[in-house]
Amino acid sequence: MTDTNNRNLPPGSDAARRILLVKTSSMGDVVHNFPVVSDLAVQFPQTEIDWVVEEAFAALPPLHAMVGRVIPVALRRWRRQPFTAQTWREIRTCLRQLRGRSYDAIIDTQGLLKSAVVAACARGRRYGLNWASSREPIGWFYHRAFSIPWDRHAVERNRALAAAALGYPLSGPASYALRVPDELTGRLRRRLPAHISAALDRPYAVLLHATSAADKQWPEQRWIQLGKALYDTGLICLLPHGSAAEQHRAESLANAIPGALVPPKLALDELAALLAGAALAVGVDTGATHLAAALGRPTVGIYCATDPRATGLHGGARSINAGTIGRAPDLADVLPCVDRVRAG
């Protein structure tokens, strides 16, 4: 049952001494949850904030200075191998971590059955979305469940849920407050071939062309046209990748773009370091594009199959969305966006 009579924690108090955030995946969703951390840090500056996240994205939460313990889960992998000894050992380890401390508030901003189950395994009062605000009927997992309008951007839905759970008013724009430590930048440079590492000393653009969804891809010829236009402005284009197919695409694009470079496959935190130093990032609807915007880089999001009003780049001071469902932008749409974000 949902407890509708529970008294929220008083705004601005130190009553919330320990908070657990549950936002497991995907990468873009994880990035969208950082403003919640920033809001909590303002409202409860002495609070410890832990985060449950899929193992593939466990390198992201530490990019926010206020995140303490990161608890990785492997729900995707466990579902594929549910009966192996390794899976059960990992689940027991995860349960020990979840139950190893008591939380004043457990806030599930994922809003799915899998995240609700994870939240229920931790010790503390649980808060989440009610039946009308989530894609699955999960409200009974929480001590309090809230109605958050669907017409808000995903970032603002996350912020609104946390504010409702802990009883503080939302104010100001979303703040991601991410930082890449110098040692991570140093590790990135050591990982790169010498000629690519040297290129980072010059202004460069990161072209985030890779996506697993075919309908989100931008035509290769438009990437080539964009890359040539950026080269003419003095930018070196870097084309990262995460799979063999993406590497093949990156190399094909780089062969057609003057001066373009393809770095080796990077770990997620190394990609963050690469993005943090970019003069520009342009990307399709993928988590890396959201990460670039969250890092405060001039970023243009290219939308071909999704609505940016719901899940587009949001809150970044220097980010712009181009395109929408069924209308992929062409070069004439993207270049003015590039000029605007670079101008600041």
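Criteria and cut-off values
- Residues numbered from 1 in each chain as written.
- Predicted model: local features only at pLDDT ≥ 70, side-chain atom pairs only at ≥ 80, totals over all residues.
- Heavy atoms only, no water.
- Helix = DSSP H or I, 4+ residues; strand = E, 2+ residues; numbered from the N terminus.
- Rg over C-alpha atoms; globule rule 2.2 N^0.38 Å.
- Buried < 20%, exposed > 50% of the residue type's maximum accessible area, 1.4 Å probe, protein only.
- Contact = heavy atoms within 4.5 Å.
- pLDDT = per-residue confidence, 0-100.
- 1 Å grid on protein atoms, 1.4 Å probe; cavity = no way out; pocket = protein on both sides within 12 Å on 5 of 7 lines; lining within 4 Å.
- Points joined across faces, edges and corners; volume = space filled by probe spheres on them.
- Nonpolar A, V, L, I, M, F, W, Y, C, P; charged D, E, K, R; others polar.
- Pairing = 2+ DSSP bridges.
- Axes fitted to C-alpha atoms, helices over the stretch in contact; angles between N-to-C directions.
- Parallel < 35°, antiparallel > 145°, perpendicular 65-115°, else oblique.
- Left-handed = near helix turned anticlockwise from the far one by under 90°.
- Phe/Tyr/Trp six-rings, centres within 6.5 Å; stacked < 30°, edge-to-face > 60°.
- Lys NZ or Arg CZ within 6 Å of the ring centre and 35° of its normal.

K.L.:
Before we move on, could you go through the overall build of the protein chain and cite the residues and values that matter?
P.N.:
Each helix and strand counted, the protein chain has 14 helices and 11 strands in total. Radius of gyration (C-alpha) of the protein chain: 21 Å, near the 20 Å computed for a compact globule of 344 residues. Dimensions along the principal axes, computed over C-alpha positions, put the protein chain at roughly 60 × 45 × 35 Å. In the protein chain, which comprises 344 residues, the share counted as buried stands at 53%. Counting contacts in the protein chain only where the partners sit at least 6 residues apart, residues at least 24 apart contribute 60% of the total.

K.L.:
Give a description of the confidence of the model for the protein chain that names residues and reports values.
P.N.:
Counting all residues, the mean pLDDT for the protein chain is 94, and 95% of those residues have values of 70 or more. Least confident of the elements in the protein chain is helix α13 (residues 308-311), whose mean pLDDT is 94; most confident is strand β7 (residues 204-208), at 99. In this model, residues 1-7 is a region of pLDDT below 50 whose contacts with residues beyond four sequence positions or in other chains number 15 contacts.

K.L.:
Give a description of the layout of surface pockets that names residues and reports values.
P.N.:
Regions of empty space are outlined by a rolling probe, equal in size to a water molecule, passed over the atoms. A volume near 1200 Å³ is recorded for the largest pocket. In this structure, the largest pocket is lined by 48 residues; those nearest its centre are Ser26, Met27, Gly28, Thr286 and Gly287. Elements that contribute at least two residues to the lining of the largest pocket include exactly α1 (27-32), α6 (154-166), α11 (268-276), α12 (287-294) and α13. Split by residue class, the lining of the largest pocket holds 18 nonpolar, 20 polar and 10 charged. Quantified by volume, the second largest pocket comes out at close to 280 Å³. Forming the boundary of the second largest pocket are Val73, Leu75, Trp78, Arg79, Ile91, Cys94, Leu95, Leu98, Lys114, Val117, Val118 and Cys121. Taken together, the elements giving at least two residues each to the lining of the second largest pocket come down to α3 (75-80), α4 (85-98) and α5 (113-121). For the lining of the second largest pocket, the residue count by class is 10 nonpolar, no polar and two charged.

K.L.:
Tell me about the sheet that holds strand β1 (residues 18-22), and name the residues and values.
P.N.:
Ordered by their spatial adjacency, six strands build an open sheet running β3-β2-β1-β4-β5-β6, and the pairing between neighbours is parallel. Where the open sheet ends on each side, the last strands, each with one partner, are β3 (67-73) and β6 (144-146). Between one strand axis and the next, the sheet turns by 20 degrees as a mean value, whatever way the strands run.

K.L.:
Quick rundown of the packing of α11 against α12? Include the residues and the values.
P.N.:
Taken N-terminus to C-terminus, the directions of α11 and α12 make an angle of 50 degrees; their axes are 9 Å apart at the nearest point. When the interaxial angle is binned, α11 and α12 end up oblique. With respect to the hand of their crossing, α11 and α12 are arranged in right-handed fashion. Between α11 and α12, the residues in contact are Leu271, Ala272 and Leu275 and Ala288, Leu291 and Ala292, respectively.

K.L.:
How would you sum up the sheet that holds strand β11 (residues 319-323)? Please name residues and give values.
P.N.:
Read across the open sheet, the five strands follow the order β8-β7-β9-β10-β11; overall the sheet is parallel. Unpaired on one side and paired on the other, β8 (236-238) and β11 mark the two borders of the sheet. Averaged over all neighbouring strand pairs, the angle between strand axes comes to 20 degrees, with direction disregarded. In this fold helix α9 (residues 220-232) packs onto β7, β8, β9 (280-284) and β10 (299-303), with an angle of close to 175 degrees to the strand it touches most, β7.

K.L.:
How would you summarise the packing of aromatic side chains if you had to cite specific residues and measurements?
P.N.:
Tallying each qualifying case throughout the model produces five aromatic pairs. Ring geometry for Phe44 versus Tyr168: centroids 6.0 Å apart, planes at 75 degrees, classification edge-to-face. Here Phe44, found in the loop between α2 (34-43) and β2 (48-54), pairs with Tyr168, found in the loop between α6 and α7 (182-191); they are 124 residues apart in sequence, far enough to count as distant. In this structure Tyr168 comes out as buried when scored by relative accessible area, which is 5%. For Arg157, the ring lying beneath its charged end belongs to Trp150, and the centroid distance is 4.2 Å.

K.L.:
I'd like a description of empty space enclosed by the protein, backed by residues and values.
P.N.:
Inspection of the entire model under this criterion finds one cavity of 30 Å³ or more. When its volume is computed, the largest cavity comes out at roughly 40 Å³. Looking at the largest cavity, the residues that line it are Val31, His32, Tyr176, His290, Ala293, Gly312, Leu313 and His314. Those elements that provide at least two residues to the lining of the largest cavity are α1 and α12.

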